[in-house]
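# Tertiary structure, described
Now for the letters of each chain:
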Amino acid sequence: MIIDQKGEAKMKDLGKTVEYNLGTYQRSVENALVELKDNKIISRIWAHDHTVWKPEPRDITNRLGWLHSPEIMADNIQRIEIVVDEVRKNNYTNALLLGMGGSSLAPEVFRKTFGVRKGYLDCAVLDSTDPGSVLTYAEELDPQRTLFIVSTKSGTNPKYERVE
């Protein structure tokens, strides 16, 4: 809802029409949009229709929680703000997300898309177990000023405790 309202406000700011030129990709994107519409993909996703991805529901139906993240997280905004204030108060400057594949893709896209807001953490993503990659971050980041985030979607997660 909030996203829709912001989108509508942006459209008013920009005018009634927004056009994009995708060059050589224009036709492919237009065809994909027609296919999405003809196959009712968006409404099927919102209906939790596993057949958008696979004929069997296994490995799909339990992975659609992200559809309701905005509603679920709205109840947690105050708690999130408390954590953000605590992190800023303790002079953390960086966050390092430790995850692989799907656990790290969204944070990496968000960081590359939105950048770093002044006064907030610079988030890097370590999507590797390669010792050289791990060492690079170990040498570049101050552990006293870095918030380490372990992200996994592999079933059960251990109970996390604050380490000082």
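Since we're looking at a predicted model, the values are computed, not measured.

Under the 1.5 Å per step criterion, the end-to-end length of helix α2 (residues 26-38) is 18 Å for 13 residues, consistent within 8% with the ideal 18 Å. Of the residues one or two after α2, Lys40 is the one with positive phi, at around 50°.

Once that is clear, we can look at the nonpolar core. Formed by Ile41, Ile45, Ile60, Leu64 and Leu67, the largest nonpolar core amounts to five residues. In this structure Ile41 touches Glu35, Leu36 and Val52, once residues within four positions along its chain are discounted.

In this section: the confidence of the model for the protein chain. Across the protein chain, pLDDT averages 83, with 83% of residues at or above 70. This model gives residues 157-164 a pLDDT under 50, and the stretch forms six contacts once residues within four places in sequence are excluded.

All right, on to the packing of aromatic side chains then. Geometry of an aromatic ring pair is reported as the spacing of the ring centres plus the angle between the planes. For the coordinates displayed, the defined rule picks out one aromatic pair. With a centroid separation of 6.3 Å and 40° between ring planes, the pair formed by Phe110 and Phe114 is classed as tilted. On the criterion of helical spacing, the pair formed by Phe110 and Phe114 is a turn pair, its members being four residues apart in helix α6 (residues 102-114). Taken as a pair, Phe110 and Phe114 share a single burial class, namely exposed. Against the face of Tyr120 rests Arg88, its NZ or CZ located 4.2 Å from the ring centre.

About the criteria used
- Here the residue index of a chain counts from 1 through its sequence in written order.
- Reporting in this predicted model follows two pLDDT cut-offs: at least 70 for local features of residues, and 80 or more for side-chain atom pairs to be given and counted; totals over whole chains, interfaces and linings ignore these cut-offs and use all residues.
- Note: side-chain values were computed over all heavy atoms of the structure, leaving out hydrogens and water.
- Each helix is a run of H or I in the DSSP string that is no shorter than four residues. Each strand is a run of E no shorter than two, and both are numbered from the N terminus.
- One less than the residue count of a helix, multiplied by 1.5 Å, gives the span that helix is expected to have.
- Here, the term nonpolar core denotes a set of buried Ala, Val, Leu, Ile, Met, Phe, Trp, Tyr and Cys residues that are joined through side-chain atoms within 4.5 Å.
- Burial classification: accessible surface area is computed with a 1.4 Å probe over protein chains only, and a residue below 20% of its type maximum counts as buried, one above 50% as exposed, and the rest as partly exposed.
- Contacts: residue pairs with any heavy atoms within 4.5 Å of one another.
- A residue's pLDDT is the predictor's confidence in that residue, given on a scale from 0 to 100.
- Between 30 and 60 degrees the pair is tilted, below 30 it is stacked and above 60 it is edge-to-face, where a pair is any two Phe, Tyr or Trp rings, Trp via its six-membered ring, whose centres lie within 6.5 Å.
- The rule for a charge over a ring is simple: NZ of Lys or CZ of Arg within 6 Å of the ring centre, and within 35 degrees of the ring normal.

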